[in-house]
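Below, each chain spelled out in residue letters.
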Amino acid sequence: MNTPELSLLAINLTQRCNLACEHCYLDATTLRGGSDDELSTDEVCKLLDNIADMDNGTMVVLTGGEPLARRDIEQIVQHGASRQLAMVLGTNGALLTRERTRALKDAGLMGAGISVDSLDPTFHDQFRGQIGSWQKTMNGIENCRQAGLSFQLHFSITDGNAHELNDMIEFARLSEARVLNIFFLVCTGRGESFSDISPLRYEKCLKEIIQAQNKHEDLIIRARCAPHYKRVAHQLAPDSPLNQISGREGDGCIAGIHYARITHDGKVTACPYIDTAVGQIRQQDFSQIWIDADDFKTLREPRLNGRCGRCEYQKLCGGCRARPVAAGEGLMDEDSFCSYVPGTAQVIVPLPSLSGTVCWSDEAEQRLSRIPRFIRKMVKKRAEAYVTELGENRVTAKHLSTLSARRFGGKPPQKPL
């Protein structure tokens, strides 16, 4: 088995945070004061060197807690950018002052993911645990716009704000965000006692997201921590080659496959919602952990149990692996949050590589080479599926322009998030 490329790495730089969100997967005990075992600047930079040496074109997400609580973040960004890593920030936005935003961009930050949980300031402030946080986040978004720093919005959907989905999409468009990521909560940490949406409403929201993406071609609208998105999309349009691409390729669950998380103290896990550590970067290079970790090998060659193991969509979807673990079950057990009852059809085989049947024009090849490596394979596969859907067999620059307009509002995806 070939080791999958690491497309995305999240580094929880700290447990410190200026807010106290109800849904946070971290416990509350150290959110204010942090802990004395955080990775040092030198340790983080050594990790980045190791990631760069893997030569995967990895995107690195600096998150927390609130990563801006660390004073060395500009230094970390600069070091990663100097090693040709795509450095981005996951933040609540409240500390993105005008000066900090400019300093981060000057250091080489590619973009920021900013959490906005409601367009109602009162709801957002209550959700985030601090009065006035909504306005500070709005200021942070404007500071990114003014500085020309690419940003996306993160919307954690719950029973209390699911009705705002369409309004949030419109806000993302008007604010000039490149992407709207819609997160479906995995109840861990402080979020263990937080009310999630019901499975039926979850299903309804996924359909709304798919329909919204078809309607708004100038904004990328993505469901996160919701691999069932692949099943729902296929059910709505089963003949579309685009819907036959496995979620393991990038728009489903990629935990341990193309993605991993580093905790504030150097532990390695498959994703932020799985606490089980598979290694410690203070004891071993991350690259070796990525290759050898048993849990990662299991995730790459899954043998699913329960309904997931009987489901015809298991290779397109595969379910969320963190949810059964959070419920005290095994990594390969069924995702009970899914309401789908498996049918009697054969397992749907994902779209294979079309490289042997679809060719590329020289100009299209040149444009593809300018796309960041961490998403290049996915863009390539989507482009080939797109021309196949058109009944053609050659990707041209015009096809890429059309896809760019549909997914990036006409802006080339040179700095996506």
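Residues numbered from 1 in each chain as written. Predicted model: local features only at pLDDT ≥ 70, side-chain atom pairs only at ≥ 80, totals over all residues. Heavy atoms only, no water.

Overview of the overall build of the chain
Working step 1: Of regular secondary structure, the chain possesses 15 helices and 12 strands.
Working step 2: A compact globule built from 417 residues would reach a C-alpha radius of gyration of about 22 Å, and the chain, at 20 Å, matches this within 12%.
Working step 3: Dimensions along the principal axes, computed over C-alpha positions, put the chain at roughly 55 × 50 × 45 Å.
Working step 4: Across the 417 residues in the chain, those meeting the buried criterion constitute 58%.
Working step 5: For the chain, contacts bridging at least 24 residues in sequence account for 73% of all contacts bridging at least 6.
Working step 6: Counting every atom, the chain has about 18200 Å² of accessible surface; 47% of that belongs to carbon and sulfur.
Working step 7: The averaged location of the 52 negative side-chain charges in the chain is 4 Å from the averaged location of its 50 positive side-chain charges. (Helix = DSSP H or I, 4+ residues; strand = E, 2+ residues; numbered from the N terminus. Rg over C-alpha atoms; globule rule 2.2 N^0.38 Å. Buried < 20%, exposed > 50% of the residue type's maximum accessible area, 1.4 Å probe, protein only. Contact = heavy atoms within 4.5 Å. Areas by Shrake-Rupley, 256 points an atom, 1.4 Å probe, with all protein chains shown as cover. Lys, Arg positive; Asp, Glu negative; His and termini not counted. Charge placed at Lys NZ, Arg CZ, Asp CG, Glu CD.)

Quick look at the confidence of the model for the chain
Working step 1: When the pLDDT values of the chain are averaged, the result is 89; 90% of them are 70 or greater.
Working step 2: This stretch, residues 189–195, has a pLDDT under 50; its non-local contacts, to residues over four places away or in other chains, come to 25 contacts.
Working step 3: Counting interchain partners and residues more than four positions distant, the pLDDT-below-50 stretch residues 408–417 has 38 contacts. (pLDDT = per-residue confidence, 0-100.)

Let's talk about the nonpolar core
Working step 1: Of all hydrophobic cores here, the largest spans 86 residues; its most connected members are Leu62, Leu153, Phe184 and Phe286.
Working step 2: When near neighbours in sequence (up to four residues on either side) are disregarded, Leu62 contacts Ile11, Leu13, Pro67, Ile73, Ile76, Val77, Met87, Val88, Leu89 and Gly90.
Working step 3: In this structure, Leu242, Val358, Val379 and Val395 belong to the second largest nonpolar core, which totals 25 residues. (Core = buried A, V, L, I, M, F, W, Y, C linked by side-chain atoms within 4.5 Å.)

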